[in-house]
Amino acid sequence: MSISEAHDNFPERPLASPSKDSILYRWVSRVLIYGMMISFVVMLVGMIFSALLGKANANVAIALSAVIPRAAALDPLGIAALGVLVLALTPGISVLTSLLCFARERDLRYALVCLGVLVILALSITLAL
Amino acid sequence: MALSFLFSLMGIGFVAGLFGSMLGLGGGIFVVPFLTTVLGVEIHQAIGTSLIGVIATSSAGASVYVKARLTNIRLAMVLETTTTVGAVIGGMVATALSADILSGLFAALLVYAAYSMGIRRQRESPGAMAQDGGAAVGTQEIALSSLAESYFDKSAKRTVSYQVRSIPAGLGASTIAGALSGLLGVGGGLVNVPLMSLIMGIPIRAATATSNYMVGITAAASAFIYYAHGHVVPSLVAPTVIGVFVGAQTGSRVAQRLNPTIIRRIFAIVLFVVAIQMITKALNVNL
């Protein structure tokens, strides 16, 4: 089923009593959907400008450190790369969101687990810089 | 020329997402062979593209499952501690391997996927326990493990509660899933879902939902390794990912109208044929 149908068929489950995890699940869901939507809009803008300027088939990789400067300079490929970067960062931001929610609930065990995952993701990003 | 290339990528992505969604496999397993065999994209770039596509479909699906509390976020985080390590290692190994070797490895994965679709059927975990919504009996015992969870099954109109077992085995297998994802650009769901449902005692719906969330994080871990080696090309990734997303949304609607058994058997044959093509290409054999 489509995302919209799925959101209709799987509404946020009403709870008989307030749950400390409600905030966790709500915010992680929001981060995922909004991160994806923002990245798609940015990628589309970059793609359209690239096509209009005849750069759509430019088989050029952009270094991670150059994405933001090129996007700021309104380079179409830089804008498309920024959209890709936002999408690639979305799962990491969801993990960070989980860490903050667990910390807020004083669930330090899982906050530390999330921190461990973030460290590995950060290591991966550092290798790319 | 530029527009036709862009539309070709979106079309490839659409078909990959469509097939993947109809088969519950995700687009990754189709994106790589389609990009390499149809458009001649270099396999490392195809894998980098596929990983970003996995993040897109994961984010879309997981946003729904997380909201519905089908996803076990705690379990996902625990397993991701080893999955992401495997993914980073897999990505580093892949970027050091030649295109021919990677093609051969991917072909082997396609054969396994074809076998899984054509023959094996997923079984519901015996560890799932049904509980009437609101009933208090047994909740204290179920709640002892911090990874225990429950979700409301809308179709069955009941709360399904479960405990998680075999954590060490789960962590070990998750490392393999992560390595597979980083090495070949697939989501890892081929390993995650059977692992969670058959070994860890998680009901299939929760296992699928949790795996769906995990594969995005796993793909992100190795995607940056591919970034570092210049294998994430925006002009390839952006149109393909958008095509995959639209295809996946379409596939989820189309699949409901088709016989699932027939679909799986047809695509098992398709995957097998594509696997043969990749193997012959890797071995430089002309058939």
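Going by the structure above, here's the rest.
Residues numbered from 1 in each chain as written. Chains lettered and ligands numbered in written order. Predicted model: local features only at pLDDT ≥ 70, side-chain atom pairs only at ≥ 80, totals over all residues. Heavy atoms only, no water.

Undergrad: Looking at this structure, I do not really get the packing of helix α5 (residues 108-128) of chain A against helix α9 (residues 204-228) of chain B. What am I missing?
TA: Relative orientation of the contacting elements α5 of chain A and α9 of chain B amounts to 20°, with a least axis distance of 7 Å. Judged on the interaxial angle alone, α9 of chain B and α5 of chain A are roughly parallel. In this structure, α5 of chain A meets α9 of chain B at a crossing whose hand is left-handed. In this structure, α5 of chain A uses V117, L121, S124, I125, L127 and A128 of chain A to contact α9 of chain B, whose residues at the interface are I217, A220, A221, F224, I225, Y227 and A228 of chain B. Considering only residue class, the contact of α5 of chain A with α9 of chain B consists of 12 nonpolar, 1 polar and no charged. (Axes fitted to C-alpha atoms, helices over the stretch in contact; angles between N-to-C directions. Helix = DSSP H or I, 4+ residues; strand = E, 2+ residues; numbered from the N terminus. Parallel < 35°, antiparallel > 145°, perpendicular 65-115°, else oblique. Left-handed = near helix turned anticlockwise from the far one by under 90°. Contact = heavy atoms within 4.5 Å. Nonpolar A, V, L, I, M, F, W, Y, C, P; charged D, E, K, R; others polar.)

Undergrad: Looking at this structure, how should I read the interface of chain B and chain A?
TA: Interface size is often expressed as the accessible area that is lost when the parts come together. Every contact between the two is made by 63 residues of chain B and, on the other side, 64 residues of chain A. The junction of chain B with chain A conceals about 5600 Å² of combined surface from both sides, 71% of it contributed by carbon and sulfur atoms. When the area that chain B buries against chain A is broken down by residue, the three leading residues are R69, R74 and F224 of chain B, summing to 14%. On inspection of chain B and its partner chain A, the count reaches 1 salt bridge. The residue D107 of chain A makes a salt bridge to R74 of chain B at a minimum N-O spacing of 3.0 Å. Our count for the chain B to chain A interface comes out at 6 residue pairs in polar contact (both at pLDDT 80 or more). Those elements that place two or more of their residues in the side of chain B that touches chain A are α1 (2-23), α3 (43-67), α4 (73-96), β2 (149-153), α9 and α10 (234-254) of chain B. Tallying contributions element by element places α10 of chain B first for the side of chain B that touches chain A, with 12 residues. (Buried area = accessible area lost by both parts, 1.4 Å probe. Salt bridge = Lys/Arg side-chain N within 4 Å of Asp/Glu carboxyl O. Polar contact = N/O pair within 3.5 Å; in protein donor to acceptor, adjacent residues only side chain to side chain.)

Undergrad: Could you clarify how one ought to interpret helix α2 (residues 28-38) of chain B in this entry?
TA: Residues and elements named next belong to chain B. The buried fraction of α2 is high, at 9 of 11 residues. Of all the residues in α2, the buried ones are G28, I29, F30, V31, V32, P33, F34, L35 and T36. Looking one or two residues past α2, G40 carries a phi angle of roughly 70°, positive in sign. (Buried < 20%, exposed > 50% of the residue type's maximum accessible area, 1.4 Å probe, protein only.)

Undergrad: Would you mind going over the pairing of strand β3 (residues 158-162) of chain B with me for this structure?
TA: Each regular strand shows side chains that alternate between the opposite faces of the sheet. Residue and element names in this part refer to chain B. Taken across its 5 residues, β3 has 4 buried, putting it largely inside the fold. Summarising the sheet, β2 and β3 pair through 5 bridges and their orientation is antiparallel. Among the inter-strand pairings, E149 is bridged to a residue of β3, identified as Y162. Taking the residues that link successive antiparallel strands as the turn, the β2-β3 hairpin has 4 residues, and the phi of K157 there is positive, at about 55°. (Pairing = 2+ DSSP bridges.)

Undergrad: In this structure, what is going on with the pattern of salt bridges? I would like to understand it.
TA: Two side chains carrying opposite charge are able to pair once their charged atoms lie near each other. Residues and elements named next belong to chain A. A complete count under the given rule lists 3 salt bridges over all chains for this structure. A salt bridge links R70 to D75, with the shortest nitrogen-to-oxygen separation between them at 2.6 Å. Since its relative accessible area comes to 31%, R70 is described here as partly exposed. Judged by its relative accessible area of 12%, D75 falls in the buried class. Here E105 and R104 are joined by a salt bridge, their closest N and O atoms 3.2 Å apart.

Undergrad: Any chance you could explain the nonpolar core here in plain terms?
TA: Across soluble globular proteins, nonpolar side chains have a tendency to be buried as a group. With 77 residues, the main nonpolar core has L87 of chain A together with I29, I52 and F106 of chain B as its most contacted residues. For this core, the leading source of residues is α3 of chain B, giving 9 residues. Once you skip the residues sitting within four places of it in the chain, F106 of chain B turns out to touch G28, I29, V32, P33, L184, V186 and M278 of chain B. Of all hydrophobic cores here, the second largest spans 46 residues; its members include V66, M77, V78 and L195 of chain B. (Core = buried A, V, L, I, M, F, W, Y, C linked by side-chain atoms within 4.5 Å.)

Undergrad: How do you make sense of the environment of L105 of chain B when you look at a structure like this?
TA: All names here are of chain B. Tracing the sequence through the fold places L105 in helix α5 (residues 99-118). Considering only alpha carbons, one finds L105 and L184, 79 residues apart in sequence, at a separation of 7.8 Å. If near-sequence neighbours (up to four positions away) are discounted, L105 is found in contact with L97, L183 and L184.

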